[in-house]
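Residues per chain, in single letters:
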Amino acid sequence: GDDDDDDVESKRLELNRRFRHLMEIMRCVGCDRCKLWGTLQTLGVGTALRIILDEDEELSSRDGIDLSRQEAVALVHTLERFSSALVYIRDFQEV
């Protein structure tokens, strides 16, 4: 119903607010290397969440999802980092 739609929209807005806040925090990081990687991973996770949250709307329109070059690079990089972490955990558990 309408209450469910309002709840989903309010959660989406809150998530967007939190990601903008996190990006503001990343701008304050002193180490340039940490700032770069942190910003890239934050953008990657944010892009992944946008794809997931907008999935229903995108499926109804069938137009696909428009990603900027930065979002695409960040998404691929973040997926690689998460994949590497999972491989590392699996290898570590076998020891």
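Going along each chain's sequence as written, the residues are numbered from 1 onward. In keeping with the model being predicted, local features are shown solely for residues with a pLDDT of at least 70 and side-chain atom pairs are shown and tallied solely at 80 or more, while totals for entire chains, interfaces and linings include all residues. Calculated side-chain values reflect all of the structure's heavy atoms, with hydrogen atoms and water omitted.

Participant: Which parts of the structure should I look at to understand the confidence of the model for the protein?
Facilitator: Across the protein, the average pLDDT comes to 84, with 88% of residues at 70 or higher. Within a predicted model, pLDDT stands for the predictor's per-residue confidence, ranging from 0 to 100. Numbered from the N terminus, helices here are DSSP runs of H or I no shorter than four residues, and strands are runs of E no shorter than two. Predicted confidence in the protein is weakest over helix α3 (residues 55–61), with a mean pLDDT of 55, and strongest over helix α4 (residues 69–94), with 94.

Participant: Can you help me understand the layout of surface pockets in this one?
Facilitator: If a probe as big as a water molecule is rolled over the atoms, it shows which places are left empty. One number sums up the size of the largest pocket: a volume of about 300 Å³. Only protein atoms enter the 1 Å grid, on which a cavity is a set of points fitting a 1.4 Å probe that cannot get out and a pocket is an open set with protein on both sides within 12 Å along at least 5 of 7 lines, lining residues being those with an atom within 4 Å of a point. Around the largest pocket sit 15 residues that line it, and Asn16, Phe19, Gly46, Thr47 and Arg50 are the ones nearest its centre. Elements with a minimum of two residues in the lining of the largest pocket: α1 (2–27) and α2 (32–53). Grid points are joined across faces, edges and corners, and a volume is the space filled by probe spheres set on the points.

Participant: Looking at this structure, I do not really get a nonpolar patch on the surface. What am I missing?
Facilitator: A contiguous nonpolar surface patch, about 490 Å² in accessible area, is contributed by Leu86, Tyr88, Ile89 and Phe92. Within the secondary structure, phenylalanine 92 sits in helix α4. Patch building starts from residues that exceed 30% relative accessible area and form no salt bridge, then joins like charges within 9 Å and nonpolar side chains (Val, Leu, Ile, Met, Phe, Trp, Tyr) within 5 Å. What sets the accessible areas is the Shrake-Rupley method with a 1.4 Å probe; for residues, cover comes only from the shown protein chains. When a carboxyl oxygen of Asp or Glu is within 4 Å of a side-chain nitrogen of Lys or Arg, the pair counts as a salt bridge.

Participant: What should I look at first to understand the packing of α2 against α4 in this one?
Facilitator: The geometry of a pair of packed helices is captured by two quantities: the angle between their axes and the separation between those axes. Close contact between α2 and α4 brings their axes to 7 Å; oriented N to C, the two are set at 100 degrees. It follows from the interaxial angle that α2 and α4 lie roughly perpendicular. Facing α2, whose interface residues are Trp37, Leu40, Gln41, Leu43, Gly44, Val45, Thr47, Ala48, Arg50 and Ile51, α4 presents Gln70, Glu71, Ala74, Leu75, His77, Thr78, Arg81 and Phe82. Under the scheme applied, nonpolar residues are Ala, Val, Leu, Ile, Met, Phe, Trp, Tyr, Cys and Pro; charged residues are Asp, Glu, Lys and Arg; polar residues are all the others, including Gly. Class assignment for the residues of the contact of α2 with α4 results in nine nonpolar, six polar and three charged. Fitted lines through C-alpha atoms serve as axes, helices being fitted only where they are in contact, and the angles separating the N-to-C directions of these axes extend from 0 to 180 degrees. With respect to orientation, any angle under 35 degrees is reported as roughly parallel, any angle over 145 as roughly antiparallel, any angle of 65 to 115 as roughly perpendicular, and every other angle as oblique. Here, two residues are considered to be in contact whenever any of their heavy atoms come within 4.5 Å of each other.

Participant: I would appreciate a short explanation of the pattern of salt bridges in the present structure.
Facilitator: It is possible for side chains bearing opposite charge to pair when their charged atoms get close. Using the criterion set out here, one finds six salt bridges in the structure. Across the pair arginine 17 and glutamate 14 runs a salt bridge, and its minimum N-O distance is 2.6 Å. Separated by three residues within a single helix, arginine 17 and glutamate 14 lie in helix α1, roughly one turn from each other. In this structure, arginine 18 and glutamate 14 form a salt bridge, with 2.8 Å as the shortest nitrogen-oxygen distance. You can see arginine 18 and its partner glutamate 14 sitting in helix α1, four residues apart, about one turn around the helix. Note on classification: 1.4 Å probe, protein chains only; a residue is buried when its accessible area is under 20% of the maximum for its type, exposed when over 50%, partly exposed between these limits. With relative accessibility at 30%, the residue glutamate 14 sits in the partly exposed group. A single network of salt bridges, built from pairs that share partners, joins Glu14, Arg17 and Arg18.

Participant: Even after reading the chapter, I still don't get the packing of aromatic side chains, so can you show me in this structure?
Facilitator: Each pair of aromatic rings is reported with the distance of its centres and the angle of its planes. Classification of ring pairs uses Phe, Tyr and Trp, with its six-membered ring standing for Trp, and accepts pairs whose centres are within 6.5 Å; under 30 degrees between planes counts as stacked, over 60 as edge-to-face, and the remaining range as tilted. Taken as a whole, this structure holds one aromatic pair when the rule is applied. Centre to centre, the rings of tyrosine 88 and phenylalanine 92 are 6.3 Å apart; their planes meet at 15 degrees, and the pair counts as stacked. With tyrosine 88 and phenylalanine 92 both in helix α4 and four residues apart, this pair spans about one turn of that helix. On the accessibility criterion, tyrosine 88 (58% relative accessible area) is exposed.

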